[in-house]
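Analysis of the macromolecular model
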Amino acid sequence: MAPRRPAELYRAPFPLYTVRLHPRRPLAITAGGGGAAKTGIRNGVHFLQLEQIGGQLSASLLHSHDTETRATMTMALADDIIAAGQDATCHILRFSLQAPEAKRGSAGRNGSGEKGPRKRKGPSPAGQGDTLSQTSEVTVESLHSVRTDFSPDALQKAVRFNADCSLLVTGGADGFLRLWEFPSMKKTLEFKAHDGEIEDIALGPDNKVVTAGRDFQCCVWQRDQLVTGLRWNENLPGIPDKAYRYQACRFGAVEDSAGALRLYTVQVPHKRERRPPPCYLTKWDGRSFLPLLTRPCGAEVVSCLSVSDSGTFLGLGMVTGSVAIHIAFSLQRLYYVKEAHGIVVTDVAFVPESRRGRELLAGNEAALLSVAVDSRCKLHLLPSRRSLPVWLLLLLCAGLIVATILLLQLAFPGFL
């Protein structure tokens, strides 16, 4: 049975390019805008409260942070710190929640207050611990701004924190990878990683960095030393090297295997054809970087990739507006909605699998948020799959064997 059309969780007054979910709070952060062009379309970062209302996940606007003439195209989140890619720069923002009484007192003393329109769809459930209250307000503080791209059409295209948030890595249209100490934002390293734009970055074990470029390369770096170049098609001799390029790369955990990692990459056709060839997903060993499995994932060109916290699911957005969820182990497609958005999907993100996230899932196995240039944030729910525990399957198998032996003994006396 095909999945229902995804619910529209939120609609912004500008195109949306990125979305992130807070790991400990019921908070989604999405951003975008119209850029510097004088079209009347604003630029901003929106903070959305997520909550269950009437058995359905709902989002309400807590705060709108104005980014002036800069549209946020990429974003990384580390607790209450946002690294926002805006044109050729990376802006480091810190946000905090405060009670309205403190906010009004601050506004009274300073004669001004932070802008924060809030649109609510219903009451917040009581007794939610650190659930954001109806009266919570968000304040945003700008900490740093550094230039991260120097090409003629400068644009930061990817940004990532490492695991302990001591390092920030950026990549952009000039093909340079830049590493920054955090929180000082002192640049520690920069080098030419690709001939052309860097499409995506993934940070793995031992601070290894994986970069996907438009030059058909996907590289693994240890600081500025090339560890290896990935070759997804080495076991597929029918696919020429320059027929596909790497679009996205992400590390993910391995379910039931603590400490193990897998790398996932998306390969898309370099040229568009009248009869488009399929895109491909590849799963790699996260330490040896050897390919483990490659499967086609449809003819629609993939635009973005996300991995769930447990490493169980992969979320894909397409340039056609479609959204899909794949099983990470087998790379098989489990969920698909054709043209969920009216235009290219710019980012997807899974609801965290923390205690707070599980409360938001409300019995569903996973939930994926997608944003697009059509200004909409949509919700994709994956209902829990009915499955038997392993011990019960073994018990049933043992019972079946015993029953078969007894039947044979009845049918053929003296069989045993």
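The sections below set out a description of the structure shown in this document. These numbers come from a predicted model, not from an experiment. (Residues numbered from 1 in each chain as written. Predicted model: local features only at pLDDT ≥ 70, side-chain atom pairs only at ≥ 80, totals over all residues. Heavy atoms only, no water.)

Attention shifts here to the sheet that holds strand S15 (residues 209-213). Strand order in the open sheet formed by 4 strands is S14-S15-S16-S17, with antiparallel pairing between adjacent strands. With partners counted over all chains shown, the strands left at the sheet margins are strand S14 (198-203) and strand S17 (225-229), one partner each. Averaged over neighbouring strand pairs, the angle between their axes works out to 25° when direction is ignored. Alignment of S14 against S15, held across 5 bridges, turns out to be antiparallel. Bridged to Asp 200 within S15 is Ala 212. (Pairing = 2+ DSSP bridges. Helix = DSSP H or I, 4+ residues; strand = E, 2+ residues; numbered from the N terminus. Axes fitted to C-alpha atoms, helices over the stretch in contact; angles between N-to-C directions.)

Further remarks concern the side chain of His 22. One can find His 22 in the loop between strand S2 (16-21) and strand S3 (27-33). There is a polar contact of 3.1 Å between the side chain of His 22 and the backbone nitrogen of Arg 24. (Polar contact = N/O pair within 3.5 Å; in protein donor to acceptor, adjacent residues only side chain to side chain.)

For the rest of this paragraph, the subject is the layout of surface pockets. Within this model, the largest pocket holds a volume of roughly 1,200 Å³. Around the largest pocket sit 36 residues that line it, and Leu 77, Arg 160, Phe 251, Val 307 and Asp 309 are the ones nearest its centre. Taken together, the elements giving at least two residues each to the lining of the largest pocket come down to S2, strand S6 (72-78), strand S10 (156-161), S14, strand S18 (244-254), strand S22 (302-307) and strand S26 (345-350). Split into classes, the residues belonging to the lining of the largest pocket amount to 23 nonpolar, 6 polar and 7 charged. There is about 900 Å³ of room inside the second largest pocket. The wall of the second largest pocket is formed by 42 residues, among which Glu 199, Gln 247, Ser 303, Cys 304 and Thr 346 lie closest to the centre. Broken down by secondary-structure element, the contributors of at least two residues to the lining of the second largest pocket are S2, S6, S10, S14, S18, S22 and S26. Element by element, the count of residues in the lining of the second largest pocket is highest for S10, at 5 residues. (1 Å grid on protein atoms, 1.4 Å probe; cavity = no way out; pocket = protein on both sides within 12 Å on 5 of 7 lines; lining within 4 Å. Points joined across faces, edges and corners; volume = space filled by probe spheres on them. Nonpolar A, V, L, I, M, F, W, Y, C, P; charged D, E, K, R; others polar.)

With that settled, consider the sheet that holds S18. The strand order across the open sheet built from 4 strands is S18-S19-S20-S21, with neighbouring strands paired in antiparallel fashion. Each having just a single partner strand, S18 and strand S21 (291-296) make up the two edges of the open sheet. Between one strand axis and the next, the sheet turns through 20° on average, direction left out of account. In the sheet, strand S20 (residues 280-285) pairs with S21 via 5 bridges, with the strands oriented antiparallel. When the bridges of S21 are listed, Thr 282 appears paired with Thr 294.

For the rest of this paragraph, the subject is the side chain of Glu 300. By secondary structure assignment, the location of Glu 300 is in the loop between S21 and S22. Here Glu 300 sits buried without a salt bridge, and the closest side chain of opposite charge, Lys 338, lies 4.3 Å off (N-O distance). At 2.6 Å, the side chain of Glu 300 forms a polar contact with the side chain of Ser 322. (Buried < 20%, exposed > 50% of the residue type's maximum accessible area, 1.4 Å probe, protein only. Lys, Arg positive; Asp, Glu negative; His and termini not counted. Salt bridge = Lys/Arg side-chain N within 4 Å of Asp/Glu carboxyl O.)

Here we come to the pairing of S22. A large share of S22 lies buried, amounting to 6 of its 6 residues. Pairing geometry for S22 and strand S23 (residues 313-318), over 5 bridges, is antiparallel. When the sheet's bridge partners are listed, Leu 305 is paired in S23 with Leu 316. What sits between the antiparallel neighbours S22 and S23 is a turn of 5 residues, in which Gly 311 has the positive phi angle 80°.

Attention now goes to unusual backbone geometry. Following Phe 182, the chain continues to Pro 183 via a peptide bond in cis, the omega torsion being 15°. Assignment of secondary structure puts Pro 183 in the loop between strand S12 (176-181) and strand S13 (187-192). Backbone geometry at Cys 165 places phi at a positive 60°, although glycine is not the residue there. Checked against the element boundaries, Cys 165 lands in the loop between S10 and strand S11 (167-172). For Cys 165, a relative accessible area of 27% corresponds to the partly exposed category. Although it is not a glycine, Glu 339 adopts a positive phi angle of roughly 50°.

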